[in-house]
Amino acid sequence: MNQKGKDRGKQRLLAAEFWPALLLVIVGTQAQVVRAQNEQSRGARIEAAMLPNAPSSSEKLTLAGAVELALKQNLDIQIANIETASRQQDRVIARSELLPHAGFDASDAVTRYNTKAQLGVQPSIIPHEVGPYQSIHVGPTFSTPIFNLTLIREYQASGHRLLASRADEQTVREETVLLAVSEYMAHLRALASVTAAQSRVELADRLAHQADDLLKDGVASKIDVSRAQVRLREEQQRLIDAQRDAETTVNALKRILNVPDSEQIEFADQQDFFSTPSLDLSDLLSAALEQRPELHSLEESIKAAQSAHQAAVAQSLPNLAFDGRWNEQGQTFNSTTPGYEYSVSVKVPIFTGGRLRAERKSTALAEQRTQEQLAQERNLVTEQVRDGQVELQAALHQVELGRQEVQLANEEVSLSQGRFQSGVTDNIEVTTAQDSLARANDAEIGALFRYNVARAQLARAVGSVEQTYTRP
């Protein structure tokens, strides 16, 4: 082999090695891109609800963002969406019964029979055995209802059931928003309790050191030091309990938002927890009776029950239908000739064993039951609105009293600390003041949580909690 042939052989060998290697590089690069996209999509759900224009290291979940995330990902809402989609298909099925149907029929049969067995007698002019012979039928078939009031009423009922399902979906959305807001506020409450507990731990630690110093100076006694140390341990235990509550509320919120357990969530709006925004709604009861999705669902259910009752009544009326077929008939495919059949049928039920009367009675009772449920639900909505107004007002007064109590408790701690430092009294007054401060902190935080939840519950009672807590 000459040198030129050897060079071409080497080039072919290099090409054979190069293209598989290039293919492996491309496949590996695509796999890395897919993995990167999966990692990005995993965190995209929470990132979309975070504060805008914030760096990734400081992104925090706001209350409005938590509500939007719950509305997108909550499993109860997704199940409600599926139920609504199912109702839409039921409506399509009901509509299809009112439309013409067409099909294609093809048959090929071979028949042989005994004349006497078929007729019971043996005519002399007919052979004892007939066949075997082949029969071929090939062609389209069609049918359509001309007048069937039952099918019309059932289609109307399916439309009302679809509207009721959409109202039920809105009910689930309202309940989910209420759960998300309540759990978000519960976590902010836990964070506020952690902050207050940390402050009290620092205070208890300072007072414990103060008791040690006064013991060294001969002003305090050993029991004062022990009492201060016991108080410090109690405050540390309360801090541990508050931190536990913060963790459990995060887990509950993750379940509502349907985010992975591995996702780390940082919360904003911590200062908003201490505010008491009003609920800007006028004529709450009228708005609730107009907006509550449960009432809309029952109203549509009543209409669906009325249509179902009318459909049951219409079963006693004549039904008119048109059917037909056109095909090629023959003993072989080469000898087929056109054939057709067209018919108009009228069906009138005469005796059904009491079924139609029972169906009319059953659908009438279903309509009556739904009407009673609507009246009961309206009474319940009225009660919820009135109770919500009373609860919100009471919670607001409790917040004001809690703030005053915290202010007075801080003054009591300061005064008792000065008296103990001056040697006027022991630190029993100090620990008593610390107890008062702890109770005041808990009362204020509890009142703020009560107010925020009462506000959300009143908005839910009116039927506007989603509108209240979503971003404008």
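Before reading on, note that the structure itself is shown above.
Residues numbered from 1 in each chain as written. Predicted model: local features only at pLDDT ≥ 70, side-chain atom pairs only at ≥ 80, totals over all residues. Heavy atoms only, no water.

1. Side note on the overall build of the protein
Formally: Helix numbers and strand numbers start at the N terminus; a helix is a DSSP run of H or I with at least 4 residues, a strand a run of E with at least 2. Whether a residue is buried, partly exposed or exposed follows from its accessible area with a 1.4 Å probe, protein chains only, as a fraction of its type maximum: under 20%, in between, or over 50%, in that order.
Regarding its fold elements, the protein presents eleven helices and four strands. A buried classification covers 35% of the 472 residues belonging to the protein.

2. Brief notes about helix α3 (residues 75-96)
An α-helix turns once per 3.6 residues; consequently, residues spaced three or four apart project the same way. To keep things clear, this is the line we draw: One fewer than the residue count of a helix, multiplied by 1.5 Å, yields its expected span. Picture the helix axis, draw a direction to every C-beta atom, and the arc is the one those directions span. Residue contacts are defined here by distance: any two heavy atoms, one from each residue, within 4.5 Å place the two residues in contact. As used in this structure description, the phrase polar contact means that two N or O atoms lie within 3.5 Å; if the pair is within protein, one of them must be able to donate a hydrogen and the other to accept it, and residues adjacent in sequence are counted only when both atoms belong to side chains.
A rise of 1.5 Å per residue sets the reference length of α3, with its 22 residues, at 32 Å; its end C-alpha atoms lie 32 Å apart and thus fit the reference within 8%. All of the buried residues along α3 are I77, A80, T84 and A94. Buried residues in α3, looked at end-on, bunch into an arc of 90°, giving them a common side. Away from the buried face of α3 by more than 90 degrees, exposed residues I79, I82 and I93 are located. Each element contacted by the buried residues of α3 is listed here: α2 (63-73) and α5 (149-216). The opening residue of α3 is N74, an N-cap whose side-chain oxygen sits 2.9 Å from the backbone nitrogen of D76.

3. Remarks on the pairing of strand β3 (residues 319-330)
For clarity, the cut-off: Between any two strands, pairing holds if DSSP finds at least two bridges.
Pairing of strand β2 (residues 129-147) with β3, which is carried by nine bridges, proceeds in the antiparallel orientation. Within β3, the position partnered with H137 by the bridge is Q329. Bridge analysis of β3 against strand β4 (residues 337-347) gives eleven bridges, and the strand direction is antiparallel. Bridging from a neighbouring strand, E328 pairs with P338 of β4.

4. Some remarks on the sheet that holds strand β1 (residues 101-114)
Put simply, the rule reads: A fitted line through C-alpha atoms serves as each axis, taken over the contacting stretch for helices, and the angle formed by two N-to-C directions is quoted from 0 to 180°.
Taking strand neighbours across the sheet as the criterion, the four strands line up as β1-β2-β3-β4 in an open arrangement whose pairing is antiparallel. Whereas interior strands pair on both sides, the edge strands pair on one side only; in this sheet they are β1 and β4. The mean inter-strand angle of the sheet, taken between neighbouring strand axes irrespective of direction, is 25°.

5. Description of the packing of α2 against α3
Counted only if it meets this: Here the word oblique covers every angle except those under 35 degrees (roughly parallel), over 145 (roughly antiparallel) and from 65 to 115 (roughly perpendicular). Throughout this entry, Asp, Glu, Lys and Arg are counted as charged residues, while Ala, Val, Leu, Ile, Met, Phe, Trp, Tyr, Cys and Pro are counted as nonpolar. The remaining residues, Gly among them, count as polar.
Where α2 contacts α3, the two axes come as close as 6 Å, and the packing angle between them is 40°. Considering the angle they form, α2 stands oblique to α3. Mapping the contact onto sequence places A70, L71, K72 and Q73 in α2 and L75, I77 and Q78 in α3. Residue composition of the contact of α2 with α3, by class: four nonpolar, two polar and one charged.

6. Examining the packing of helix α8 (residues 293-314) against helix α9 (residues 355-421)
What counts, and what does not: Helix crossings fall into two classes, left-handed where the near helix is turned counterclockwise from the far one by less than a right angle and right-handed where it is turned clockwise.
Relative orientation of the contacting elements α8 and α9 amounts to 170°, with a least axis distance of 8 Å. It follows from the interaxial angle that α8 and α9 lie roughly antiparallel. The two elements α8 and α9 meet at a crossing, and its hand is left-handed. When the residues that make up the contact of α8 with α9 are grouped by side-chain class, the tally is eleven nonpolar, seven polar and seven charged.

7. Examining the nonpolar core
Here is the rule we go by: Working definition of a nonpolar core: buried Ala, Val, Leu, Ile, Met, Phe, Trp, Tyr and Cys residues. They are joined through side-chain atoms within 4.5 Å.
One finds V181, F273 and Y469 to be the most contacted residues of the largest nonpolar core, which totals 54 residues. Of all the secondary structure elements, the ones that give two or more residues to this core are α2, α5, α6 (222-257), α7 (284-291), α8, α9, α10 (428-462) and α11 (465-469). Ranked by residue count, the leading element in this core is α10, at twelve residues. In contact with F273, other than residues within four places in its own chain, are M185, L188, R189, A192, I445, L448, F449 and N452. With 16 residues, the next largest nonpolar core counts A211, L214, A220 and V406 among its residues.

8. With respect to a nonpolar patch on the surface
Basically, it comes down to this: Patch membership is restricted to residues that have no salt bridge and whose relative accessible area is over 30%. Joining uses 9 Å for like charges and 5 Å for the nonpolar side chains Val, Leu, Ile, Met, Phe, Trp and Tyr. Under the convention used here, a 1.4 Å probe and the Shrake-Rupley method define accessible areas, while residue burial counts only the protein chains that appear. What makes a salt bridge here is a side-chain nitrogen of Lys or Arg within 4 Å of a carboxyl oxygen of Asp or Glu, nothing more.
On the surface, L119, V121, I125 and I126 cluster together into a nonpolar patch covering about 410 Å² of accessible area. In this structure, L119 sits in helix α4 (residues 115-119). For L119, a relative accessible area of 55% corresponds to the exposed category.

9. A few points about the packing of aromatic side chains
Condition: Two aromatic rings from Phe, Tyr or Trp, using only the six-membered ring of Trp, form a pair when their centres are within 6.5 Å; if the ring planes differ by under 30 degrees the pair is stacked, by over 60 it is edge-to-face, and anything between is tilted.
For the structure shown, the criterion picks out five aromatic pairs. Ring geometry for F142 versus F322: centroids 5.9 Å apart, planes at 35°, classification tilted. With F142 in strand β2 and F322 in strand β3, this pair connects stretches of sequence that are 180 residues apart. On the accessibility criterion, F322 (26% relative accessible area) is partly exposed. Residues F142 and Y342 carry aromatic rings whose centres are separated by 6.1 Å and whose planes lie at 35° to one another, so their mutual orientation is tilted. Taken together, the residues span a long stretch of sequence, with F142 in strand β2 and Y342 in strand β4 at a distance of 200 residues. The structure contains a cluster of three or more aromatic residues connected by ring pairs, namely F142, F322, Y340 and Y342.

10. Let's talk about the environment of F142
A relative accessible area of 31% places F142 in the partly exposed class. Counting along the chain gives 40 residues from F142 to A102, while the straight-line C-alpha distance between them is 4.2 Å. Discounting chain neighbours no more than four positions away, the residues touching F142 are H101, A102, F322, D323, G324, R325 and Y342.

11. Examining the pattern of salt bridges
Here the idea is simple: oppositely charged side chains can pair when their charged atoms come close. Using the criterion set out here, one finds 18 salt bridges in the structure. With its nearest N and O atoms 3.7 Å apart, the salt bridge here joins E83 to R87. In this pair, E83 and R87 are both assigned in helix α3, four residues apart and thus about one turn of the helix distant. A residue is classified by how much of its surface remains accessible, and E83, at 41% relative accessible area, is partly exposed. Residues R325 and E341 are paired through a salt bridge, measuring 3.1 Å at the closest nitrogen-oxygen approach. Of this pair, R325 sits in strand β3 while E341 sits in strand β4, placing them 16 residues apart in sequence. What makes R325 partly exposed here is its relative accessible area of 27%.

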